[in-house]
Amino acid sequence: QVQLVESGGGLVQAGGSLRLSCAASRGTFSNYDMGWFRQAPGKEREFVARIGASGDTIYYADSVKGRFTISRDNAKNTVYLQMNSLKAEDTAVYYCAVQRGRGHYANTVNYDSWGQGTQVTVSS
């Protein structure tokens with residue numbers, strides 16, 4: 001079973017940037033499609049971005065398109081989320097996960113092996 005560990009979260013002012021990392025251990029990382037999700041207090045977990053196993057087929061939520069960039073380094077078993085022009089509404093715990101299901105890429109039920117999450121707080 002693959003294990004995922006997110007890092008890189010923190011406190012940043014609005015307009016600032018952060019880069020999140022998600023390191024995988026066990027399993028064959030280069031075979032996995034990967035996703036980033038986030039969950040704000042009192043809200044459901046929502047899709048942020050998804051990248052195919054070879055780095056192709058990238059999708060973003062409309063709310064982050066043009067500001068966030070997902071990428072991966074299969075040699076390092078790591079997927080990244082570069083977040084620029086951060087807004088207060090980006091404040092959430094950010095999670096990475098492995099896409100397993102054949103359903104829609106934005107649906108949490110199609111993902112497993114969730115990491116523990118990393119907190120991102122954007123002050124306005």
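You'll find the structure just up there.
Owing to the predicted nature of the structure, the values given are computational and were not obtained by experimental measurement. (Residues numbered from 1 in each chain as written. Predicted model: local features only at pLDDT ≥ 70, side-chain atom pairs only at ≥ 80, totals over all residues. Heavy atoms only, no water.)

Description of the overall build of the protein
Move 1: What the protein contains, in helices and strands, is zero helices and eleven strands.
Move 2: Scanning the protein from its N terminus toward the C terminus, one meets helices and strands in the order β-β-β-β-β-β-β-β-β-β-β.
Move 3: In terms of overall dimensions, the protein is globule-like: its C-alpha atoms have a radius of gyration of 13 Å, near the 14 Å expected for 124 residues.
Move 4: Taken over the C-alpha atoms alone, the protein extends approximately 40 × 25 × 25 Å along its principal axes.
Move 5: Going through the 124 residues of the protein one by one, you find that 43% of them count as buried.
Move 6: Roughly 6,200 Å² of accessible area belongs to the protein as shown, and the carbon and sulfur atoms make up 45% of that amount. (Helix = DSSP H or I, 4+ residues; strand = E, 2+ residues; numbered from the N terminus. Rg over C-alpha atoms; globule rule 2.2 N^0.38 Å. Buried < 20%, exposed > 50% of the residue type's maximum accessible area, 1.4 Å probe, protein only. Areas by Shrake-Rupley, 256 points an atom, 1.4 Å probe, with all protein chains shown as cover.)

Side note on unusual backbone geometry
Move 1: For arginine 26, which is not glycine, the phi torsion reads 65° and is therefore positive.
Move 2: Topologically, arginine 26 is positioned in the loop between β3 (18–25) and β4 (33–39).
Move 3: In this structure, serine 113 takes a positive phi of about 60° despite not being glycine.
Move 4: Tracing the sequence through the fold places serine 113 in the loop between β10 (111–112) and β11 (118–123).

Some details on the sheet that holds β3
Move 1: Taken together, four strands build an open sheet; the order of strands is β1-β3-β8-β7 and the sheet is antiparallel. Because the sheet does not close on itself, it has two edges, and the strands there are β1 (3–7) and β7 (68–73). Within this sheet the neighbouring strands show an average axis-to-axis angle of 15°, counted without direction.
Move 2: As paired strands, β1 and β3 are joined by five bridges and run antiparallel to one another. Pairing of valine 5 across the sheet is with alanine 23, part of β3. (Pairing = 2+ DSSP bridges. Axes fitted to C-alpha atoms, helices over the stretch in contact; angles between N-to-C directions.)

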